[in-house]
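Breakdown of the fold
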Amino acid sequence: MINKLAASELVLNDDGSVYHLNLLPEDIAGKIMLVGDPDRVPKVSKYFDKIEIKKNKREFYTHTGTLRGERITVMSTGIGTENIDIVMNELDALVNIDLKNKVFKTDHTALELFRMGTCGSVNPDVEVDNMLVTENVVGLDGLMHFYQDYEFENEFSRNFMAKFPYEKIKPMLYFSDWAKEMGEYYQDAKYHGNTATFPGFYAPQGRQLRLKALDDKFLETLNDLGITNFEMETSAIYGLSKLLGHKAITVNSVIANRRRGEFSADHAASEKNMIEWVLDRIVK
């Protein structure tokens, strides 16, 4: 006997769409571009040949259309891994759960997920306004510890854990890596590196206003441990993709080098260049 998911576990809207994303299975493509900022969605979809779907709820805006004859989706996630937890689980539900009957499908569908965002670098040698692809990622937010059966370890994670000096934070750490086969899309990126995903923008990223950060040397220490850049979503995208059987890759435009105190002279131009650069590579 197949057990149905309880209404409290898989929450749907009145039209049968998933609760937060407000989407039906036919609303998304197999290739999905994830951006943080809702305002970035139309900046991407304006390059589509046509737009079939425009839906939104809260910070989650989705446009699906075709580009050079291929169906593609762009979706905003908002900021942070807590939002990614919603996005990843509801995207998976759209393709791997029979929403009408609330049962798991027997045939698994793997989505291709492309995070496209901006980041800061902790490596003084990384130049702003260039593309950086995440190979390994460490999450400092603790999200994946809430899921059973998540285990990931590789050479990068072992070295990082062995040398990470902040004992209060250490229990929250988890690791993941890219879908290596998707690296073919971005072979010509100027940088490939290791990313730290932070649970906040201020003290977690070493910024200090009225409140003091844990350590003035935090970013420098991360760089010494092999971290190239930092942002706020990739660890959850990579970790949940592994658990759910999807493929994910992150490319960020480096808009700041924190070690050199540099910021992109034209943030809008850097964003536009990134969008065009990514679209040219993931849809031929």
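Residues numbered from 1 in each chain as written. Predicted model: local features only at pLDDT ≥ 70, side-chain atom pairs only at ≥ 80, totals over all residues. Heavy atoms only, no water.

Considering the side chain of Thr234
Looking at the secondary structure, you find Thr234 in helix α5 (residues 234–244). Apart from the residues lying within four places of it in its own chain, the contact partners of Thr234 are Arg115, Thr134, Val137, Thr197 and Thr250. (Helix = DSSP H or I, 4+ residues; strand = E, 2+ residues; numbered from the N terminus. Contact = heavy atoms within 4.5 Å.)

Considering the environment of His63
Checked against the element boundaries, His63 lands in strand β3 (residues 60–67). With a relative accessible area of 8%, His63 lands in the buried category. Measuring from C-alpha to C-alpha, the distance between His63 and Gly36 comes to 14 Å, with 27 residues separating the pair along the chain. Not counting chain neighbours up to four residues away, the residues in contact with His63 comprise Val41, Pro42, Ser45, Phe48, Ile51, Ile53, Lys54, Ile72, Thr73 and Val74. A polar contact is formed between the side chain of His63 and the side chain of Ser45, at a distance of 2.8 Å. (Buried < 20%, exposed > 50% of the residue type's maximum accessible area, 1.4 Å probe, protein only. Polar contact = N/O pair within 3.5 Å; in protein donor to acceptor, adjacent residues only side chain to side chain.)

What about the pairing of strand β7 (residues 112–121)?
Of all 10 residues in β7, 9 are buried, a share of seventy percent or more. In terms of strand pairing, strand β1 (residues 31–35) meets β7 through 4 bridges, oriented parallel. Bridged to Ile32 within β7 is Leu113. Note: β7 against strand β12 (residues 247–257), 10 bridges, orientation parallel. Each residue of the ladder has a partner; that of Glu112, found in β12, is Lys247. (Pairing = 2+ DSSP bridges.)

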